[in-house]
Amino acid sequence: MHALFRDRIDAGQKLAISIEQVLKNKLSDVSITRNELIVLAIPRGGIILAEIIASYFNCDLDILVTRKIRYEMNEEFAIGAVLPDGSYFLNDNVVKSIPISQRYLNQEIEIQKNEIERRLLEFRGTISYDDKLNNKIVVLVDDGIATGSTIVAAAKWLKHNYNYKKLVIAVPVAPAESEVINRLDTIADALIILYSPRQFSAVGQFYEEFDQVSDSEVKKIMKTYGYDI
């Protein structure tokens with residue numbers, strides 16, 4: 001499969017155009033102004049796209065940090081996720097089918113809770129969102145979906161905790177026929193995926209350039225949007 005995007009900036013530009021079309025057509029029942037729109041990035045990679053999109057709409061930007069709960073025998077395999085407020089959920093089907101010690105689980109959840117708090121404090125200066133997401137059209141953005149554990153966790157947390165007007169989930173690429181896509185589709189008011197290839201091994205394969213985004217890059221963007229860090 002050839003690359004679909006030059007880099008995250010290219011993906012963000014293409015995604016912004018699709019989001020605008022969806023806002024005008026599918027969500028035309030709500031008025032859309034820059035004050036009602038907020039772009040939420042899943043860092044680190046998602047913030048590059050989110051900056052492009054927020055600039056396109058001249059609206060606010062923030063980040064939403066969730067972390068996957070890793071399987072002890074394979075850290076790339078997610079068995080659940082920890083949410084921004086420190087709560088967590090487990091994939092019951094997975095947990096029932098593989099051996100997981102309670103000691104490891106407690107340890108792993110604590111590690112991820114600490115990492116979420118660290119990132120929130122470092123990137124935005126506070127762990128609290130107060131009511132800034134209420135009565136907003138929230139656009140949740142990442143640079144792609146692989147396992148989907150973090151973006152599903154983020155979407156569930158938003159739905160459970162905030163009275164937003166609409167939730168739009170937007171990514172450049174995700175695997176075709178994924179159960180994750182079905183789950184997101186039930187949560188979001190609009191789900192935007194530019195490409196859904198059948199042959200899918202990793203998000204990075206669809207980008208010509210897919211360098212790791214550094215903490216300093218995230219902080220630079222957040223400072224631009226007025227975060228005191």
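Thresholds applied
Residues numbered from 1 in each chain as written. Predicted model: local features only at pLDDT ≥ 70, side-chain atom pairs only at ≥ 80, totals over all residues. Heavy atoms only, no water. Helix = DSSP H or I, 4+ residues; strand = E, 2+ residues; numbered from the N terminus. Contact = heavy atoms within 4.5 Å. Axes fitted to C-alpha atoms, helices over the stretch in contact; angles between N-to-C directions. Parallel < 35°, antiparallel > 145°, perpendicular 65-115°, else oblique. Left-handed = near helix turned anticlockwise from the far one by under 90°. Nonpolar A, V, L, I, M, F, W, Y, C, P; charged D, E, K, R; others polar. Buried < 20%, exposed > 50% of the residue type's maximum accessible area, 1.4 Å probe, protein only. Pairing = 2+ DSSP bridges. Core = buried A, V, L, I, M, F, W, Y, C linked by side-chain atoms within 4.5 Å.

Colleague: Just checking my understanding: could you explain the environment of Phe89 for this structure?
Modeller: Structurally, Phe89 is set in strand β5 (residues 88-90). The spacing of Phe89 and Arg198 is 109 residues in sequence and 28 Å in space, taken between C-alpha atoms. In contact with Phe89, other than residues within four places in its own chain, are Ile69, Gly80, Ala81, Leu83, Ala153, Lys156 and Arg183.

Colleague: In this structure, what is going on with the packing of helix α5 (residues 149-161) against helix α6 (residues 179-187)? I would like to understand it.
Modeller: Each packed pair of helices is defined by two parameters, the angle between the axes and the distance between the axes. Following both chains from N to C, one finds α5 and α6 inclined at 20°, their axes separated by 10 Å at the closest point. One element, α5, and the other, α6, form an angle in the roughly parallel class. The two elements α5 and α6 cross, and the hand of that crossing is left-handed. Seen from α5, the contacting residues are Ile151, Val152, Ala155, Lys156 and Lys159; seen from α6, they are Val180, Arg183, Leu184 and Ile187. Considering only residue class, the contact of α5 with α6 consists of six nonpolar, no polar and three charged.

Colleague: Mind showing me how you'd approach unusual backbone geometry here?
Modeller: Cis geometry marks the peptide bond from Pro43 to Arg44, where omega comes out at 10°. Tracing the backbone shows Arg44 in the loop between β1 (37-41) and α2 (46-57). Of note in the backbone geometry, Asp130 takes a positive phi value of approximately 45° without being a glycine. By the element assignment, Asp130 lies in the loop between α4 (102-124) and β6 (137-141). Among the residues examined, Asp130 registers a relative accessible area of 59% and is labelled exposed. Its identity as a non-glycine residue notwithstanding, Asn135 has a phi of 60°, on the positive side. The residue Asn135 is located in the loop between α4 and β6 in this model.

Colleague: Sorry, what's going on with the sheet that holds strand β4 (residues 74-82) here?
Modeller: Strand-to-strand pairing in sheets goes through backbone hydrogen bonds, with the strands running parallel or antiparallel. The strand order across the open sheet built from three strands is β3-β4-β5, with neighbouring strands paired in antiparallel fashion. On the outer flanks of this sheet lie β3 (67-71) and β5, each paired with one strand and no other. Strand-to-strand, the axes of this sheet are offset by a mean angle of 55°, without reference to chain direction. In terms of strand pairing, β4 meets β5 through three bridges, oriented antiparallel. In the strand pairing of β5, Val82 is matched with Tyr88. Running at roughly 5° to β4, α5 makes contact with β3, β4 and β5 of the sheet.

Colleague: Would you take a moment to explain the pairing of β6 for this structure?
Modeller: In terms of burial, β6 is a largely internal element, five of the five residues being buried. Burial along β6 is two-sided: Ile137, Val139 and Val141 facing one way and Val138 and Leu140 facing the other are all buried. In this sheet, β6 lies alongside β1 in parallel orientation, the contact comprising five bridges. In the sheet register, Leu40 faces β6, and the bridge partner there is Leu140. The pairing of β6 with strand β7 (residues 166-173) spans five bridges and is parallel. The residue bridging Leu140 from the neighbouring strand is Ile169, located in β7.

Colleague: Quick question: what am I supposed to make of the nonpolar core here?
Modeller: Generally speaking, soluble globular proteins have nonpolar side chains that are buried together. Counting 78 residues, the largest nonpolar core has Ile19, Ile47, Leu140, Leu158 and Leu167 as its most contacted members. Here Leu167 is in contact with Val138, Leu140, Ala155, Leu158, Ile187, Ala188, Asp189 and Ala190, once residues within four sequence places are set aside.

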